[in-house]
Amino acid sequence: QVQLVESGGGLVQAGDSLRLACAASGRTFNDHTMAWFRQAPGKEREFVADITWNGGSTYYTDSVKGRFTISRDNRKNTVYLQMNSLKPEDTAVYYCAAAFPGNIHQVSGDEYSYWGQGTQVTVSS
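As the structure is a computational prediction, the values presented were derived from the model and not from experiment.

Caption draft 1: Layout of the overall build of the protein. Within the protein, the regular secondary structure consists of zero helices and 11 strands. Counting from the amino terminus, helix and strand elements in the protein follow one another as β-β-β-β-β-β-β-β-β-β-β. Relative to the globule expectation of 14 Å for 125 residues, the C-alpha radius of gyration of the protein, 13 Å, shows essentially globular dimensions. By its C-alpha atoms, the protein is 40 × 30 × 25 Å across when sized along the principal axes. Per-residue burial for the protein yields a buried fraction of 43% across its 125 residues. In the structure as shown, the protein presents an accessible area of about 6,300 Å², 46% of it carried by carbon and sulfur atoms. In the protein, the 11 positive side-chain charges and the 12 negative ones have mean positions that sit 5 Å from each other.

Caption draft 2: A look at the sheet that holds strand β3 (residues 18-25). One open sheet holds the four strands; their spatial order is β1-β3-β8-β7, and the pairing between them is antiparallel. Single-partner strands in this sheet number two, and they are β1 (3-7) and β7 (68-73). Direction aside, neighbouring strands of the sheet carry axes that sit 15 degrees apart on average. Of the strand pairs in this sheet, β1 and β3 are connected by five bridges, and their pairing is antiparallel. Bridged to Q3 within β3 is S25.

Caption draft 3: A look at the pattern of salt bridges. The full count for this structure, using the stated rule, is six salt bridges. The partner of R27 in a salt bridge is D31, and the shortest N-O contact between them spans 3.6 Å. Classification of R27 by relative accessible area gives partly exposed; the value is 30%. Since its relative accessible area comes to 34%, D31 is described here as partly exposed. Each of the salt bridges in this network shares a partner with another, and the network as a whole consists of R38, E46, R67 and D90.

Caption draft 4: Spatial organisation of the pairing of strand β11 (residues 119-124). A one-sided burial pattern is seen for β11, the buried positions being T119, V121 and V123 and the unburied ones Q120, T122 and S124. In terms of strand pairing, strand β2 (residues 10-13) meets β11 through four bridges, oriented parallel. Each residue of the ladder has a partner; that of G10, found in β11, is V121. One ladder, built from three bridges, connects strand β9 (residues 92-99) with β11; its direction is antiparallel. The partner of A92 across the bridge, within β11, is V121.

Caption draft 5: Quick look at the environment of V12. Within the element layout of this structure, V12 appears in strand β2. The exposure class of V12 is buried, given its relative accessible area of 11%. Expressed as a C-alpha distance, the spacing of V12 and L86, which sit 74 residues apart in the sequence, is 8.3 Å.

Rules and cut-offs
- Residues numbered from 1 in each chain as written.
- Predicted model: local features only at pLDDT ≥ 70, side-chain atom pairs only at ≥ 80, totals over all residues.
- Heavy atoms only, no water.
- Helix = DSSP H or I, 4+ residues; strand = E, 2+ residues; numbered from the N terminus.
- Rg over C-alpha atoms; globule rule 2.2 N^0.38 Å.
- Buried < 20%, exposed > 50% of the residue type's maximum accessible area, 1.4 Å probe, protein only.
- Areas by Shrake-Rupley, 256 points an atom, 1.4 Å probe, with all protein chains shown as cover.
- Lys, Arg positive; Asp, Glu negative; His and termini not counted.
- Charge placed at Lys NZ, Arg CZ, Asp CG, Glu CD.
- Pairing = 2+ DSSP bridges.
- Axes fitted to C-alpha atoms, helices over the stretch in contact; angles between N-to-C directions.
- Salt bridge = Lys/Arg side-chain N within 4 Å of Asp/Glu carboxyl O.

Structure (structure tokens):
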């Protein structure tokens, strides 16, 4: 069974940092683009960042540029999202996702075939 399992969410204060992890099992995603999306209450799901198959290229939505860093460790079949200088508007459920092929950026959730169950990030002011 293919699974993406997120971890690392929690309740923090504005300005704090969190590191999310997404561990894949059931198959390798070394040839997939991996991404993080988020969904805040009452809002649509939005793209946050993605990373190509070998980590050679990353792409971020404007609101997180300079604060968030996506990375991956293909040996561990895991993708990470380091979130610094968190703001209350970053509060959301964060989801990781996988899309094929892994050599292009995909900002549309429709392009992703595999999704995790999500992890809650809450940033208090």
